[in-house]
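# Coordinate analysis (summary)
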Amino acid sequence: MKRDVKKWLPCTRWKNDRVPLFKRMRETGSMDGAEEGITLGKALGHLRTITEHKILVMKGCFAIGLYWQGLMHDLSKYEPTEFWNGVRYYQGGKRSPNNGEREDKGYSSAWMHHKGRNRHHYEFWNDYDPDIRTGVFPIHNVQMPRRYVAEMLMDRIAASKTYLKEKYDRHCPLDYYLNGRGKPLMHPQTARELERLLRILDQRGEQELIRFVRDYYLKGYPMR
């Protein structure tokens, strides 16, 4: 049976049989007759934001020897489930569109899609504890391999640079971590390692952090 290509192409929706989405957006500046909240300007802005972020993470990963992870980082953001929600809830490049979606719907479907496909997020490493006891929170926090902790580190630095722009300094990633709400869902050893790495950035700067991660942390030397 012949497949209808127009129904499954990831980046093309159709007003009629001849006019693709991006041509219509270019001509009108909006998605006339399509989904509310998506415009050409927001699409280009979101594309620019996620690409700038990806390039920063890639540079950081390359500097510490994680070449494949740098290349593959956050590719799911370009998939339709994440990309179009990112456009719809685009925050002007000042914060994550996932926050806008949560404020609108009470949850972020883009984030749920993203965290299950990207191992540099500690939320990926949560599972049910097989020893479930009454009155005990059933989620088990799995310790992250160091290569993914290192990628998470570069992701957090790049996110701070992307959203804060000229306001960024080396103290921002640690401040964000200390003010975050997700630490109870992070394995205690993963949390200790991430905080120590962020403190190296905070106290000694990015070049010293890169040297430490590349020559000590990823070599498997012990960390308390």
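Now for a quick tour of the structure. (Residues numbered from 1 in each chain as written. Predicted model: local features only at pLDDT ≥ 70, side-chain atom pairs only at ≥ 80, totals over all residues. Heavy atoms only, no water.)

## Quick notes on the packing of helix H8 (residues 146–164) against helix H10 (residues 188–204)
Where H8 contacts H10, the axes come no closer than 10 Å and their chain directions differ by 45 degrees. Here H10 runs oblique to H8, going by the angle between their axes. Here the hand of the crossing between H8 and H10 comes out right-handed. On H10, the residues touching Arg146, Val149, Met152, Leu153, Arg156 and Ile157 of H8 are Thr190, Glu193, Leu194, Leu197, Leu198 and Leu201. (Axes fitted to C-alpha atoms, helices over the stretch in contact; angles between N-to-C directions. Helix = DSSP H or I, 4+ residues; strand = E, 2+ residues; numbered from the N terminus. Parallel < 35°, antiparallel > 145°, perpendicular 65-115°, else oblique. Left-handed = near helix turned anticlockwise from the far one by under 90°. Contact = heavy atoms within 4.5 Å.)

## Structural notes on a nonpolar patch on the surface
A cluster of nonpolar side chains, contributed by Phe62, Tyr67, Trp68, Leu71, Met72 and Leu75, occupies part of the molecular surface with about 610 Å² of accessible area. The dominant element in the nonpolar patch, judged by the number of residues it contributes, is helix H4 (residues 67–72), at 4 residues. Take Leu71: it is sitting in helix H4. (Patch = residues over 30% accessible without salt bridge, like charges linked within 9 Å, V, L, I, M, F, W, Y side chains within 5 Å. Areas by Shrake-Rupley, 256 points an atom, 1.4 Å probe, with all protein chains shown as cover. Salt bridge = Lys/Arg side-chain N within 4 Å of Asp/Glu carboxyl O.)

## Comments concerning the packing of aromatic side chains
Given two aromatic rings, their pairing is described by the distance between the two centres and the angle made by the two planes. Within the structure shown, the criterion is met by 6 aromatic pairs. Between Phe62 and Tyr67 the ring centres are 5.4 Å apart and the planes differ by 50 degrees, which places this aromatic pair in the tilted class. Between the aromatic rings of Trp125 and Tyr148, the centroid separation amounts to 6.0 Å while the plane-to-plane angle is 40 degrees, which identifies the pairing as tilted. With a gap of 23 residues between them, Trp125 in the loop between helix H7 (109–115) and strand S1 (126–128) and Tyr148 in helix H8 connect regions that are remote in the sequence. Here Trp125 and Tyr148 have matching classes, each one buried. Ring-pair connections join several aromatic residues into one group, and the members of that group are Phe124, Trp125 and Tyr148. (Phe/Tyr/Trp six-rings, centres within 6.5 Å; stacked < 30°, edge-to-face > 60°. Buried < 20%, exposed > 50% of the residue type's maximum accessible area, 1.4 Å probe, protein only.)

## A word on helix H3 (residues 40–63)
For H3, with 24 residues, the first-to-last C-alpha span of 35 Å sits near the 34 Å given by 1.5 Å per residue. Taken as a whole, H3 has its buried residues at Ala43, Gly45, His46, Thr49, Ile50, His53, Lys54, Val57, Gly60 and Cys61. The positive-phi residue at the C-terminal boundary of H3 is Gly65, with phi of around 90 degrees. (Expected span 1.5 Å × (residues − 1).)

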